[in-house]
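Here is what each chain is made of, one letter per residue.
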Amino acid sequence: MRTKQFKSESKKLMDMMINSIYTHKEIFLRELISNASDALDKLYFRSLTDNSVGIAPDDFEIRLEINKDARTLKIIDNGCGMTEDELDKNLGTIAKSGSLAFKQENEKKENVDIIGQFGVGFYSAFMVCNQVTVRTRKFGSDTAYQWQSSGVDGYTITECDKESAGTEVIMHLKDDTEDEHYSEFLDEWKLKELVTKYSDYIRFPIRMAVTKTRKKEGSPD
């Protein structure tokens, strides 16, 4: 399995991103949910004129799944999905031309949101993750593909099994340090707070299983 290399500017930008040029790491969730919403939009608009889509408007959704033991956070959509070529094109090149120069010119300024301005949102995941896996299947295709990367060293694309169309982004969170508490992004209450804060405008439902407690019948506790 051959590891593909990011393009030169992409690698430099990712290296800066991984090394914390952003003060608000939590925005990665906003960016990845926005990407999932875009994928849903594409298939939704197709469904308006193509009866073969077979998905009712109310069935489109974005799901968050937490696995604290594995330290993974998944963002799953049932949108349009991607082909192998689209994976390579969309995730192998970071940002528009000039974004690196923009950041270098403004690196002394605080809170320069290059992510929001230049569409490099997917790669914000590497601010909190040491590995990102994308499993996707294009709507109408029988073949699914997996994109995987641990950062600037490059990425791989292989075939994988996926039952339905859509995309899931699997983020393996970094270990906590004295300065950074990455485990907070595995806390369901923190995720609910961030979804409300950054993604309340998304028109598709964002769902997540949550833990609830109740008093046991007949117990004083």
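A brief look at the structure comes next. (Residues numbered from 1 in each chain as written. Predicted model: local features only at pLDDT ≥ 70, side-chain atom pairs only at ≥ 80, totals over all residues. Heavy atoms only, no water.)

## Side note on the pattern of salt bridges
Where charged atoms from two side chains of opposite charge approach closely, those side chains can pair. To keep things clear, this is the line we draw: We define a salt bridge as a side-chain nitrogen of Lys or Arg found within 4 Å of a carboxyl oxygen belonging to Asp or Glu.
Within this structure, the stated rule accounts for 17 salt bridges. One network of salt bridges, in which partners are shared, links Glu26, Glu184, Lys190, Glu193 and Lys197.

## Notes on the environment of tyrosine 123
Rules: Strands here mean DSSP runs of E at least two residues long; helices mean DSSP runs of H or I at least four residues long; both are numbered from the N terminus.
Turning to its location among the elements, tyrosine 123 is positioned in the loop between helix 5 (114-118) and strand 3 (129-137). When the C-alpha positions of tyrosine 123 and leucine 32 are compared, they lie 9.1 Å apart, and in sequence the two are 91 residues distant.

## A closer look at the packing of aromatic side chains
Note the threshold: The criterion for an aromatic pair is that two Phe, Tyr or Trp rings (for Trp, the six-membered ring) have centres within 6.5 Å, with stacked assigned to planes under 30 degrees apart, edge-to-face to planes over 60 apart and tilted to the rest. Relative accessibility thresholds used throughout: buried, under 20% of the residue-type maximum; exposed, over 50%; partly exposed, between the two (1.4 Å probe, protein chains only).
With the rule as written, the count across this model stands at eight aromatic pairs. Centroid distance phenylalanine 28 to phenylalanine 185: 5.1 Å. Interplanar angle 85°. Geometry classified as edge-to-face. With phenylalanine 28 in helix 2 (residues 27-47) and phenylalanine 185 in the loop between strand 6 (166-173) and helix 6 (188-198), the pair connects residues that are 157 residues apart, well separated along the chain. The class for phenylalanine 28 is buried, based on a relative accessible area of 0%. Ring plane angle 75° and centroid distance 6.5 Å describe the contact between tyrosine 44 and phenylalanine 204, whose orientation is recorded as edge-to-face. One end of the pair, tyrosine 44, is in helix 2; the other, phenylalanine 204, is in the loop between helix 6 and strand 7 (206-208), and 160 residues separate them in sequence. Phenylalanine 204 matches tyrosine 44 in its accessibility class, with the two residues each being buried.

## Describing helix 6
Definition in use: Read the arc as the range of directions from the helix axis to the C-beta atoms. Contacts: residue pairs with any heavy atoms within 4.5 Å of one another.
Among all positions in helix 6, only Glu188, Lys190, Leu191, Leu194, Val195 and Tyr198 are buried. Angularly, the buried residues of helix 6 cover 155° about the axis, an arc narrow enough to put them on a single face. Counted as exposed and oriented over 90 degrees from the buried face of helix 6: Trp189, Thr196 and Lys197. The elements touched by buried residues of helix 6 are helix 2, strand 1 (62-67), strand 2 (72-77) and strand 7.

## Structural notes on the pairing of strand 3
Selection criterion: For two strands to be treated as a pair, DSSP must find at least two bridges joining them.
A large share of strand 3 lies buried, amounting to seven of its nine residues. As paired strands, strand 3 and strand 6 are joined by eight bridges and run antiparallel to one another. Within strand 6, the position partnered with valine 134 by the bridge is valine 169. Sheet topology note: the strand 3/strand 4 (residues 144-151) ladder contains six bridges and is antiparallel.

## Digging into the sheet that holds strand 5 (residues 154-160)
Rules: With axes taken as lines fitted to C-alpha atoms, and helix axes fitted only over the stretch in contact, angles between N-to-C directions fall between 0 and 180 degrees.
Strand order in this open sheet of seven strands is 5-4-3-6-2-1-7, and the pairing throughout is mixed. Strand pairing shows two members of the sheet lacking a second neighbour, strand 5 and strand 7, which therefore form its edges. This sheet shows a mean twist of 15° between the axes of neighbouring strands, independent of strand direction. Summarising the sheet, strand 1 and strand 7 pair through three bridges and their orientation is parallel. Pairing of isoleucine 62 across the sheet is with isoleucine 206, part of strand 7. Strands in contact with helix 2 are strand 1, strand 2, strand 6 and strand 7; relative to strand 2, the strand with the most contacts, it is inclined by about 25°. Set on the sheet, helix 3 (residues 84-91) makes contact with strand 3, strand 4 and strand 5; between it and strand 4 the angle comes to about 25°.

## Regarding the environment of glycine 81
Considering the arrangement of structural elements, one finds glycine 81 in the loop between strand 2 and helix 3. A residue is classified by how much of its surface remains accessible, and glycine 81, at 3% relative accessible area, is buried. Ignoring any residue separated from it by four or fewer positions in sequence, one finds glycine 81 in contact with Glu86, Thr136, Arg137, Lys138, Gly166 and Thr167.

## Points about the packing of helix 2 against helix 6
The following threshold applies: In this scheme, roughly parallel covers angles under 35 degrees and roughly antiparallel covers those over 145, while 65 to 115 is roughly perpendicular and the rest are oblique. Two helices cross in a left-handed way if the nearer one is turned anticlockwise from the farther one by less than a right angle. They cross in a right-handed way if the turn is clockwise.
Closest axis-to-axis distance for the helix 2/helix 6 pair is 9 Å, and the angle between their directions is 65°. Accordingly, the angle class assigned to the pair helix 2 and helix 6 is roughly perpendicular. Here helix 2 runs over helix 6; the crossing is right-handed. Of the residues in helix 6, those touching helix 2 at Ile27, Leu29, Arg30 and Ile33 are Leu191, Leu194, Val195 and Tyr198.

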